[in-house]
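An overview of the molecular structure
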Amino acid sequence: MSVERFTAPLVRKLEAMPLTWRLLVILLTLLLAALMATSLTTAWLVQRDLKANVDDQLRSVAVPIAENPRSTATNRDFFTGESERSDPTNYFFVRQPADGSAWQYRLPTGETNPPVVPVLSLDDPRVTSGQPFTVTSADGRTHWRFIAGHYTSPDNSTFAVGMPMTGVNNIVKRFAIVTTLVGIAALLTCGVLGWFATRRAFRPLRRIEDTAAAIAAGDLSRRVPVRHSHDEVASLSDSLNAMLGQVERSFALQEASETKMRQFVAD
């Protein structure tokens, strides 16, 4: 009952529309639903693939760091902070010593909004599993993707390597904007073309309507234009023409009978 209560006003509004507008509204609604489902699915797939690409980059960086924190060529004195600014990097590195001393970290080049990295102990599931995880920045506007691990020597400290998801989010946002604009343009184009197509498709029915109006006005000789196609409208036209022929013959016979009767009475 509740579903019918909500759908009944919509059905009544559709039934009050002309058939051309009704079909156009139904077709555009289905097209809009298809475009939205396609855009959302594609955006989700793009975001998933880009996030997987970021995770692969982090894994490729985390492996040499886990083996030797000083083996990277991006920084001669890794985590000391003395020569970090001379070697650009796109990664955020943080090292959490096991003895509880101050964290050592390095921001990506040009990044001023650091992420909020949680405390990573040796038995933390994010450290033991090596699965990527997401954190936010200090102001909550930027999301960061991280992979954590631990050093087997010399002090069993933990580390985390991360990248900002700004590029991924910007790509997904631009993709959503482009697909939305393209979808709106496609919807408007299909609406205009659908209007002319439905008007053209219903032209034979309008001819039948005009013929019925002329017959109702007294012109029994009018016939529906014959169509050479083999569709439902052509079959309807043939049936109506046959019916109109029988009606005209019946009226002609009735008129002839009345004429004879009047002549008989006059005689």
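Residues numbered from 1 in each chain as written. Predicted model: local features only at pLDDT ≥ 70, side-chain atom pairs only at ≥ 80, totals over all residues. Heavy atoms only, no water.

**A word on the nonpolar core**
For clarity, the threshold we go by: As used here, the term nonpolar core means buried Ala, Val, Leu, Ile, Met, Phe, Trp, Tyr and Cys residues forming a set that is joined through side-chain atoms within 4.5 Å. Buried means the residue's accessible area, taken with a 1.4 Å probe over protein chains only, is under 20% of the maximum for its type, while exposed means over 50%, and partly exposed covers the values in between. Numbering of helices and strands starts at the N terminus; helices are DSSP runs of H or I of at least 4 residues and strands are runs of E of at least 2. Residue contacts are defined here by distance: any two heavy atoms, one from each residue, within 4.5 Å place the two residues in contact.
Among the nonpolar cores identified, the biggest contains 15 residues, and Leu 58, Ile 65, Tyr 91 and Val 161 are the most heavily contacted of them. Those elements that provide at least two residues to this core are α2 (19-67), β5 (158-164) and α4 (166-201). The leading source of residues in this core is α2, at five residues. Once residues lying within four places of it in the same chain are set aside, the contact partners of Val 161 are Leu 58, Val 61, Ala 62, Ile 65, Tyr 91, Phe 92, Phe 93, Arg 145, Phe 146 and Ile 147. By size, the runner-up hydrophobic cluster in this structure holds 11 residues, among which are Val 117, Phe 133, Trp 144 and Ala 160.

**Brief notes about the packing of α4 against helix α5 (residues 203-216)**
Spelled out, the test is: Between N-to-C directions, angles span 0 to 180 degrees; the directions come from axes that are lines fitted to C-alpha atoms, helices contributing only their stretch in contact. By the definition adopted for this analysis, an angle is roughly parallel if under 35 degrees, roughly antiparallel if over 145, roughly perpendicular if from 65 to 115, and oblique otherwise. In this classification, Asp, Glu, Lys and Arg are treated as charged, Ala, Val, Leu, Ile, Met, Phe, Trp, Tyr, Cys and Pro as nonpolar, and every other residue, Gly included, as polar.
Interaxial distance between α4 and α5 falls to 4 Å at its minimum, and their mutual angle equals 45°. By the angle between their directions, the pair α4 and α5 is classed as oblique. Between α4, through Arg 199, Arg 200 and Ala 201, and α5, the contact on the second element is made entirely by Arg 203, Pro 204 and Arg 206. In terms of residue class, the contact of α4 with α5 is made up of two nonpolar, no polar and four charged.

**As for the sheet that holds strand β2 (residues 104-106)**
Rule in force here: DSSP-based pairing: two strands are paired if at least 2 bridges between them are found.
Across the sheet, five strands lie side by side as β2-β1-β5-β4-β3; this open sheet has antiparallel pairing. Of all strands in the sheet, those bounded by a partner on one side alone are β2 and β3 (133-136). Neighbour-to-neighbour, the strand axes of this sheet turn through a mean angle of 25°, independent of strand direction.

**Here we look at the pattern of salt bridges**
The condition is simple: Salt bridges are defined by distance alone: a side-chain nitrogen of Lys or Arg within 4 Å of a carboxyl oxygen of Asp or Glu.
Tallied over the full model, the rule gives four salt bridges. Among the ionic pairs, Asp 55 bridges to Arg 145, the shortest N-O distance being 2.9 Å. Of this pair, Asp 55 sits in helix α2 while Arg 145 sits in strand β4 (residues 143-150); the two residues are 90 residues apart in sequence, bridging distant segments of the chain. Residue classification places Arg 145 among the buried positions, given a relative accessible area of 11%. Residues Asp 56 and Arg 59 are paired through a salt bridge, measuring 3.4 Å at the closest nitrogen-oxygen approach. Pair noted here: Asp 56 and Arg 59 are both in helix α2, with a separation of three residues, about one helical turn. Residue class for Asp 56 comes out partly exposed when judged on its relative accessible area of 45%. For Arg 59, a relative accessible area of 35% gives the class partly exposed.

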